[in-house]
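Each chain, letter by letter, is given below.
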Amino acid sequence: MGVSLVTAMIGAADRRTDVVVEGKIQLFDNPQLASSERLRDVLDVLEDHQSLLLLLNEVVACDASPRVLLGRETHSKIGLPLSVVAVPYQDEGGAGAIGVVGPVPMNYPVLVPLVR
């Protein structure tokens, strides 16, 4: 599928923030990222946890339904036109979000139910 899974947990008690990025190797299979410069830019964004938190904090503030952020919405926050399909969650440790990050053309009919 050529996307990467991102999770963020914002701890309520200790204000700790954890960001986990998995599946970066799958990005190499995406034809939208065939250029080594484009792929490097995307990998840089996935390493910049502060940028990812800006995006995921928007999702955490929403209701429990999946949120789709398209390239124009992400470009101003992370410097690249990527897409994010994410959903907030909450447990005793705090609030968080889990989502998928990838290029703008993604298989949204598959990804939205997947993150739900």
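Trainee: I'd like to hear about the overall build of the chain, residue by residue, with values.
Mentor: For the chain, the helix and strand inventory stands at four helices and five strands. Moving toward the C terminus, one meets the helices and strands of the chain in the order β-β-α-α-β-α-β-β-α. Relative to its 116 residues, the chain shows a buried fraction of 41%. On the chain, roughly 6,300 Å² of surface is accessible, and the fraction owed to carbon and sulfur atoms is 54%.

Trainee: Quick rundown of the nonpolar core? Include the residues and the values.
Mentor: Of all hydrophobic cores here, the largest spans 21 residues; its most connected members are L27, V42, V45, L46, L52, L82 and V84. Counting residues per element, the ones that place at least two in this core are β2 (17-22), α1 (36-47), α2 (49-60), β4 (82-91) and β5 (94-103). Looking at which element gives the most residues to this core, the answer is α2, with five residues. V87, V100, L111 and V112 belong to the second largest nonpolar core, which has seven residues in total.

Trainee: Give a detailed account of a nonpolar patch on the surface, specifying residues and quantitative values.
Mentor: Taken together, the side chains of V68, L70 and V104 make up a nonpolar region of the molecular surface, amounting to roughly 190 Å² of accessible area. Tracing the backbone shows V68 in strand β3 (residues 67-69). On the accessibility criterion, V68 (33% relative accessible area) is partly exposed.

Trainee: So what about helix α3 (residues 71-78)? Which residues, and what values?
Mentor: Note: α-helices contain 3.6 residues per turn, so residues at a spacing of three or four share the same orientation. Inspection of α3 places G71, T74 and I78 among the buried residues, and these make up the whole buried set. With its buried residues spanning 70° around the axis, α3 presents them on a single face. Facing away from the buried side of α3, by more than 90 degrees, are the exposed residues R72 and S76. Where α3 is buried, its residues contact α1, α2, β3 and β4. A positive backbone phi angle near 85° is found at G79, which sits one or two residues after α3.

Trainee: Would you mind going over a negative patch on the surface in detail, with residue names and values included?
Mentor: Together, E37, D41, D44 and D48 give the surface a local cluster of negative charge. Structurally, D48 is set in the loop between α1 and α2.

Trainee: Account for the packing of α2 against α3, with residues named and values stated.
Mentor: Viewed as axis vectors pointing N to C, α2 and α3 meet at an angle of 135°, and their least axial separation amounts to 9 Å. Taken together, the axes of α2 and α3 are oblique relative to one another. Note on packing geometry: the crossing formed by α2 with α3 is right-handed. Only T74, K77 and I78 of α3 make contact with α2, whose side of the interface consists of S51, L54, L55 and E58.

Trainee: Report on the environment of L111, specifying residues and quantitative values.
Mentor: Turning to its location among the elements, L111 is positioned in helix α4 (residues 108-115). Linking L111 and V84, residues 27 residues apart in sequence, is a C-alpha distance of 9.8 Å.

Trainee: Summarise the confidence of the model for the chain; cite the residues concerned and give the values.
Mentor: Any region with low pLDDT has predicted coordinates that should not be read closely. Residues with a pLDDT of 70 or more make up 85% of the chain, whose mean pLDDT is 77. When mean pLDDT is taken per element in the chain, α4 scores highest with 87 and strand β1 (residues 4-11) scores lowest with 54.

What counts and how
- Residues numbered from 1 in each chain as written.
- Predicted model: local features only at pLDDT ≥ 70, side-chain atom pairs only at ≥ 80, totals over all residues.
- Heavy atoms only, no water.
- Helix = DSSP H or I, 4+ residues; strand = E, 2+ residues; numbered from the N terminus.
- Buried < 20%, exposed > 50% of the residue type's maximum accessible area, 1.4 Å probe, protein only.
- Areas by Shrake-Rupley, 256 points an atom, 1.4 Å probe, with all protein chains shown as cover.
- Core = buried A, V, L, I, M, F, W, Y, C linked by side-chain atoms within 4.5 Å.
- Patch = residues over 30% accessible without salt bridge, like charges linked within 9 Å, V, L, I, M, F, W, Y side chains within 5 Å.
- Salt bridge = Lys/Arg side-chain N within 4 Å of Asp/Glu carboxyl O.
- Arc of directions from axis to C-beta.
- Contact = heavy atoms within 4.5 Å.
- Lys, Arg positive; Asp, Glu negative; His and termini not counted.
- Charge placed at Lys NZ, Arg CZ, Asp CG, Glu CD.
- Axes fitted to C-alpha atoms, helices over the stretch in contact; angles between N-to-C directions.
- Parallel < 35°, antiparallel > 145°, perpendicular 65-115°, else oblique.
- Left-handed = near helix turned anticlockwise from the far one by under 90°.
- pLDDT = per-residue confidence, 0-100.

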